[in-house]
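What follows is each chain in one-letter form.
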Amino acid sequence: MSRHQLSELVERVIDWYDRNAREFPWRETNCSPWGILVSEIMSQQTQMSRVLPKWLEFLERWPTPADFADASDADAIRAWDRLGYPRRAIQLRRCAQAIVDEWGGDVPRHREDLLALPGIGPYTSAAVAAFAFGEVVPVVDTNVRRVLARTQHGDEFAWAPNHRRDDAEMLALLPEDEAAAASWNAGAMELGAVICTARRPACDDCPVSDLCEWNLAGRPPGEAPRRPQPKFEGSDRQVRGRIMALLRDAEEGVALDEIVAGIGAIDAEPRARALRLVDDLVSDGLAMADGELRRLPH
């Protein structure tokens, strides 16, 4: 693809995004950096439709890092509910505490400083720096990797996450202007989320279909990455979630026998598994032992 075509691709995606972006409160210009950071943590591997009501509730209750830093881990876990891995709620609270202790309660603006916060990785640090502060940095998630793989390389599937490659691929297209860079970052992500999807890409509706190497080649099937998704039904993750639900609903804690009965682990093998998973939750800091009771951490 020529330099002119690359520039055309970026401009079209930005124009498409400006006209078609889904409306979310964290995309509004008056959203605080803290609100944007919370949205990025909540939306990891979670549908936006599930994130929106929880985000609104969360920001109403804890509108600043200082507010959340003063909460308890139990408060954080209960507010997180079934939004995803509850460990992220604990990590976000540690992050809020670090923002208060090290930055006077203000979310730092530079990617390197954000990356040093607890629980913040390469993607989240870039996203907050770009979308909250206008820093010209590449923001790359799975959707963006797929858009780049198809348009630039003619590959149906995105490459495996690789921080160095991710940055290099996106930097080659990143505009120097702050506003344009933010719109390209967000637009490429949005394009991958709603048009250039993994299973049923809507190529006829794509603003860059005539520039896309994969589409121009006739959309050849690629070799899917070998990352089999483990079954959720009957998995340890499912059982952990059911145990966490019992703990969230109990202010005073739950006896081990009640936990076993509550998830229907009556026979010897399921009971042993349930007790092992309870111990794992305690080791992970998501629960605490109080004699025969297990409860959410303070």
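As annotated in an unreviewed UniProt entry, the protein chain is A/G-specific adenine glycosylase from Gulosibacter faecalis.

**Some thoughts on the overall build of the protein chain**
From N to C terminus, the protein chain includes 15 helices and 3 strands. Each principal axis of the C-alpha distribution contributes one length, and for the protein chain these read about 70 × 45 × 30 Å. Within the protein chain, the proportion of its 298 residues that are buried is 47%. In the protein chain, the share of contacts with a sequence separation of at least 24, taken over all contacts with a separation of at least 6, comes to 62%. Counting every atom, the protein chain has about 15600 Å² of accessible surface; 48% of that belongs to carbon and sulfur. Considering the protein chain, the positive charge centre built from 36 side chains and the negative charge centre built from 49 side chains are found 6 Å apart.

**Overview of the packing of aromatic side chains**
All chains considered together, the criterion is met by 8 aromatic pairs. An aromatic cluster of at least three residues, connected via ring pairs, comprises Trp-34, Phe-58, Trp-62, Phe-68 and Trp-80. The ring of Trp-214 carries the charged tip of Arg-150 above its face, separated from the ring centre by 4.5 Å. Here Arg-165 stacks its cationic end above the ring of Trp-159, 3.9 Å away from the centre of that ring.

**Quick notes on the sheet that holds strand E2 (residues 288-290)**
Backbone hydrogen bonds hold the strands of a sheet together, and the pairing may be parallel or antiparallel. With antiparallel pairing, 3 strands are arranged side by side in an open sheet as E1-E3-E2. Every interior strand has two partners, whereas the edge strands, strand E1 (254-255) and E2, have only one. Here E2 pairs with strand E3 (residues 293-295) via 3 bridges, running antiparallel. Across the sheet, the residue bridging to Asp-290 is Leu-293, located in E3.

**Structural notes on the pattern of salt bridges**
Within this structure, the stated rule accounts for 23 salt bridges. With a shortest N-O distance of 2.8 Å, Glu-190 and Arg-27 are connected by a salt bridge. Here Arg-27 lies in the loop between helix H1 (3-20) and helix H2 (33-42) and Glu-190 lies in helix H11 (residues 178-194), a separation of 163 residues in the sequence. Under the relative-accessibility criterion, Arg-27 is labelled partly exposed at 29%. Among the ionic pairs, Asp-81 bridges to Lys-54, the shortest N-O distance being 3.5 Å. With Asp-81 in the loop between helix H5 (73-80) and helix H6 (87-103) and Lys-54 in helix H3 (residues 48-61), this pair connects stretches of sequence that are 27 residues apart. What makes Asp-81 partly exposed here is its relative accessible area of 28%. Within this structure, Lys-54, Glu-57, Asp-81 and Arg-248 form a network of salt bridges that share partners.

**Structural notes on the packing of helix H13 (residues 236-248) against helix H15 (residues 268-283)**
Between H13 and H15, the shortest axis-to-axis distance is 10 Å and the interhelical angle comes to 70°. It follows that H13 is roughly perpendicular to H15 by the angle criterion. Only Arg-273, Ala-274, Arg-276, Leu-277, Val-278, Asp-280 and Leu-281 of H15 make contact with H13, whose side of the interface consists of Asp-236, Val-239, Arg-240, Ile-243 and Met-244. Split into classes, the residues belonging to the contact of H13 with H15 amount to 7 nonpolar, no polar and 5 charged.

**Overview of empty space enclosed by the protein**
This model, assessed by the stated rule, comprises 1 cavity of 30 Å³ or more. Looking at the largest cavity, its volume works out to about 90 Å³. In terms of lining, the largest cavity is formed by 15 residues, of which the most central are Thr-151, Cys-196, Cys-203, Cys-206 and Cys-212. Put simply, the parts of the chain that give the lining of the largest cavity at least two residues each are helix H9 (142-153) and helix H12 (213-216).

**Considerations on the environment of Cys-196**
Locating Cys-196 in the fold gives a position in the loop between H11 and H12. Exposure remark for Cys-196: the relative accessible area of 11% places this residue in the buried category. Once the C-alpha coordinates of Cys-196 and Arg-146 are considered, the two residues, 50 residues apart in sequence, prove to be 7.6 Å apart.

**Quick look at H5**
Listed in full, the buried residues belonging to H5 are Asp-73, Ala-74, Ala-76, Ile-77 and Trp-80. The buried residues of H5 occupy an angular sector of 160° when the element is viewed end-on, so they sit on one face. Close packing links the buried residues of H5 with H2, H3, helix H4 (65-69), H6 and H13.

Here is what the cut-offs are and how they apply
- Residues numbered from 1 in each chain as written.
- Predicted model: local features only at pLDDT ≥ 70, side-chain atom pairs only at ≥ 80, totals over all residues.
- Heavy atoms only, no water.
- Helix = DSSP H or I, 4+ residues; strand = E, 2+ residues; numbered from the N terminus.
- Buried < 20%, exposed > 50% of the residue type's maximum accessible area, 1.4 Å probe, protein only.
- Contact = heavy atoms within 4.5 Å.
- Areas by Shrake-Rupley, 256 points an atom, 1.4 Å probe, with all protein chains shown as cover.
- Lys, Arg positive; Asp, Glu negative; His and termini not counted.
- Charge placed at Lys NZ, Arg CZ, Asp CG, Glu CD.
- Phe/Tyr/Trp six-rings, centres within 6.5 Å; stacked < 30°, edge-to-face > 60°.
- Lys NZ or Arg CZ within 6 Å of the ring centre and 35° of its normal.
- Pairing = 2+ DSSP bridges.
- Salt bridge = Lys/Arg side-chain N within 4 Å of Asp/Glu carboxyl O.
- Axes fitted to C-alpha atoms, helices over the stretch in contact; angles between N-to-C directions.
- Parallel < 35°, antiparallel > 145°, perpendicular 65-115°, else oblique.
- Nonpolar A, V, L, I, M, F, W, Y, C, P; charged D, E, K, R; others polar.
- 1 Å grid on protein atoms, 1.4 Å probe; cavity = no way out; pocket = protein on both sides within 12 Å on 5 of 7 lines; lining within 4 Å.
- Points joined across faces, edges and corners; volume = space filled by probe spheres on them.
- Arc of directions from axis to C-beta.

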